[in-house]
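Residue-level structure breakdown
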Amino acid sequence: GTSPGVPSAPAKAVSGSKGLNGLYLRHEQVFMGTSLSYNEDHYFFFPDGRFYHGVPPEGPSNFNWSKEQQAHPERCGQYGINGDKITISYSGSEPFTWQLKMRGANEMELNRAPTVRVERFGANARISGNYQRGTTFGASYSYAGAPTVTAASTYIVKSNGTVSNANVSGAEGDTKVSGVSVGVQQANQGTYSINGNDMTLNLGGRSMRCTVYPVYDRGNSQLPARISLNGPL
């Protein structure tokens, strides 16, 4: 590891073609003995060969590479594509190679795991509905890795640009309740704005910029059945 306060050397550039662009969600299933582990992973690719492992913390439009290189060098990497292989380089470690199969413009298999570019909202998008964070969503969307949250929150989002949220303690499902905060906690009212994959929440006297994307049920591309807010659904 590195000493506190000493920035790691940036990830080494990797030979090969580049061109991946945007935020991708990777679904990985791993057999551990007799049990099946399910993981979701985000990769934010740049066409010049850089990538960020995770969701952009303040939304894609506000992503600051040099800032994240200082704060989270372990998440800032480089990639290069050679045929059906992708070589990935992280700060402070040797590059490694995964299998890569492109499945069209927005889909690929990354080391045999289905990986898709996330959907985008439109410009100045409006949504309407009650969205609960920190619960499981049934068999239609495998979500075994429930997020660790302080308490589940219900976000009431309206098409007039307003949003309110209220805590729901001890929510049903596989929520793991602990002392880890996911953001705004109190029952608050405020406003929101959405542009593409960028969202600004103004709640409880503070403004929070985050990454957002919709997840639609099959056959319904109008109302998102789920919304990803900085990673968790």
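Residues numbered from 1 in each chain as written. Predicted model: local features only at pLDDT ≥ 70, side-chain atom pairs only at ≥ 80, totals over all residues. Heavy atoms only, no water.

1. Here we look at the overall build of the protein
In terms of helices and strands, the protein carries one helix and 17 strands. Taking contacts inside the protein between residues at least 6 apart in sequence as the whole, the part at least 24 apart equals 54%. (Helix = DSSP H or I, 4+ residues; strand = E, 2+ residues; numbered from the N terminus. Contact = heavy atoms within 4.5 Å.)

2. Let's talk about the sheet that holds strand E1 (residues 22–32)
Taken in spatial order, the eight strands close into a barrel running E1-E2-E3-E4-E5-E6-E7-E8, and their pairing is antiparallel. Between one strand and the next, the sheet's axes are offset by a mean angle of 35°, whatever the strand orientation. Strand direction decides the pairing type here: strand E3 (residues 50–53) and strand E4 (residues 76–82), joined by three bridges, are antiparallel. Bridging from a neighbouring strand, Arg50 pairs with Gln78 of E4. (Pairing = 2+ DSSP bridges. Axes fitted to C-alpha atoms, helices over the stretch in contact; angles between N-to-C directions.)

3. Quick notes on the packing of aromatic side chains
Inspection of every chain in the model, using the stated rule, returns 14 aromatic pairs. Between the aromatic rings of Phe51 and Tyr90, the centroid separation amounts to 5.4 Å while the plane-to-plane angle is 80°, which identifies the pairing as edge-to-face. You can see Phe51 sitting in strand E3 and its partner Tyr90 sitting in strand E5 (residues 85–90), a full 39 residues away along the chain. Tyr90 gets classed as buried once you look at its relative accessible area, which sits at 14%. Ring centres 5.0 Å apart and planes at 65° place the aromatic pair Tyr52 and Phe63 in the edge-to-face group. (Phe/Tyr/Trp six-rings, centres within 6.5 Å; stacked < 30°, edge-to-face > 60°. Buried < 20%, exposed > 50% of the residue type's maximum accessible area, 1.4 Å probe, protein only.)

4. A look at the pattern of salt bridges
For the structure on display, the rule yields six salt bridges. Two residues, Glu58 and Arg209, come together in a salt bridge whose shortest N-O distance is 3.0 Å. Highlighted residues: Glu58 in the loop between E3 and helix H1 (65–71) and Arg209 in strand E16 (residues 206–215), separated in sequence by 151 residues. Under the relative-accessibility criterion, Glu58 is labelled partly exposed at 25%. Since its relative accessible area comes to 37%, Arg209 is described here as partly exposed. The shortest N-O distance in the salt bridge between Asp217 and Arg226 comes to 3.1 Å. (Salt bridge = Lys/Arg side-chain N within 4 Å of Asp/Glu carboxyl O.)

5. A look at the pairing of E5
When you tally the buried positions in E5, you get five out of six residues, the bulk of the element. The pairing of E4 with E5 spans six bridges and is antiparallel. From the neighbouring strand, Gly77 faces E5, where its bridge partner is Tyr90. Here four bridges tie E5 to strand E6 (residues 96–102), and the two strands are oriented antiparallel to one another. Bridge pairing links Ile86 to Trp98 in E6.

6. Remarks on the nonpolar core
Tyr192, Ile194, Met199 and Leu201 are the most contacted members of the largest nonpolar core, which totals 17 residues. Among the secondary structure elements, those contributing two or more residues to this core are strand E11 (152–157), strand E14 (188–195), strand E15 (198–203), E16 and strand E17 (226–229). Aside from chain neighbours lying at most four places away, what touches Ile194 is Phe121, Gly122, Ala123, Asn124, Ala125, Ile127, Met199 and Val212. Judged by nonpolar contacts, the second largest core, of 14 residues, contains Tyr43, Ile81, Trp98 and Leu100. (Core = buried A, V, L, I, M, F, W, Y, C linked by side-chain atoms within 4.5 Å.)

7. Concerning the side chain of Ser91
Tracing the chain through its elements places Ser91 in the loop between E5 and E6. When its relative accessible area of 14% is taken as the criterion, Ser91 is described as buried. At 2.5 Å, the side chain of Ser91 forms a polar contact with the backbone oxygen of Ala9. (Polar contact = N/O pair within 3.5 Å; in protein donor to acceptor, adjacent residues only side chain to side chain.)

8. Describing the confidence of the model for the protein
The share of residues in the protein with pLDDT of 70 or more is 79%, and the mean pLDDT across the chain is 81. Between residues 135–150, whose pLDDT stays under 50, and residues either more than four places distant or in other chains, the model counts 48 contacts. Scored below 50 in pLDDT, residues 168–186 makes 43 contacts in the model with residues more than four places away or belonging to other chains. (pLDDT = per-residue confidence, 0-100.)

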